[in-house]
Amino acid sequence: MPGPHGEILPDEMQKIQQWIDARWQNRKCPACGLNDWASSSYYFKDLVGARDFHVGPAAKFMPYVAFFCQNCGYAMRFNALLMGVYLNEPKAGDAHAG
């Protein structure tokens, strides 16, 4: 579960790193060719179904973990649901809620 502001928590970052190490074979940046990546400390969300665009608790989205080439800025993202790290949104009263 993400932190109250969408941040990636330390235990999630450990799972992300294990997932990446097991699957991301060629880590050369497709834009510049270097292997100099940094990960975001927050989840990124793309709204699903832009035709019926709305924001709020009923909004549907796809969460991603983003990696950025520190040389050229190229961004790569991985589906956080498939990684098994983004399970639910925090709710009021949860341990992570503010």
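Residues numbered from 1 in each chain as written. Predicted model: local features only at pLDDT ≥ 70, side-chain atom pairs only at ≥ 80, totals over all residues. Heavy atoms only, no water.

(A) View of the environment of serine 39. Topologically, serine 39 is positioned in strand S1 (residues 37-39). In this structure serine 39 comes out as partly exposed when scored by relative accessible area, which is 32%. Considered as a pair, serine 39 and alanine 66 are 27 residues apart in the sequence and their alpha carbons are 5.9 Å apart. The residues touching serine 39, leaving out its near neighbours within four places in the chain, are Met13, Ala66 and Phe67. (Helix = DSSP H or I, 4+ residues; strand = E, 2+ residues; numbered from the N terminus. Buried < 20%, exposed > 50% of the residue type's maximum accessible area, 1.4 Å probe, protein only. Contact = heavy atoms within 4.5 Å.)

(B) Quick peek at the side chain of glutamate 7. With respect to the secondary-structure elements, glutamate 7 resides in the segment before helix H1 (10-23). Here glutamate 7 sits buried without a salt bridge, and the closest side chain of opposite charge, lysine 45, lies 9.7 Å off (N-O distance). The contact partners of glutamate 7, leaving out residues within four places of it in the chain, are Pro2, Glu12, Ser41, Tyr42 and Tyr43. (Lys, Arg positive; Asp, Glu negative; His and termini not counted. Salt bridge = Lys/Arg side-chain N within 4 Å of Asp/Glu carboxyl O.)

(C) The packing of aromatic side chains, seen in detail. Following the criterion strictly, the structure yields 8 aromatic pairs and no others. With a centroid separation of 5.5 Å and 70° between ring planes, the pair formed by tryptophan 24 and phenylalanine 67 is classed as edge-to-face. Taken together, the positions of tryptophan 24 in the loop between H1 and S1 and phenylalanine 67 in strand S3 (residues 61-69) put the pair 43 residues apart, joining distant regions of the chain. Assigned by exposure class, tryptophan 24 and phenylalanine 67 land together as buried. Judged by centre distance (5.3 Å) and plane angle (55°), the ring pair of tryptophan 24 and phenylalanine 78 falls under tilted. With a gap of 54 residues between them, tryptophan 24 in the loop between H1 and S1 and phenylalanine 78 in strand S4 (residues 75-79) connect regions that are remote in the sequence. Owing to a relative accessible area of 15%, phenylalanine 78 belongs among the buried residues under this scheme. An aromatic cluster of at least three residues, connected via ring pairs, comprises Trp19, Trp24, Trp37, Phe67 and Phe78. The ring of phenylalanine 61 has lysine 45 sitting right over it, with the charged end atom 4.4 Å from the ring centre. In this arrangement the basic side chain of arginine 77 is found over the ring face of tyrosine 64, its NZ or CZ atom lying 4.2 Å from the centre. (Phe/Tyr/Trp six-rings, centres within 6.5 Å; stacked < 30°, edge-to-face > 60°. Lys NZ or Arg CZ within 6 Å of the ring centre and 35° of its normal.)

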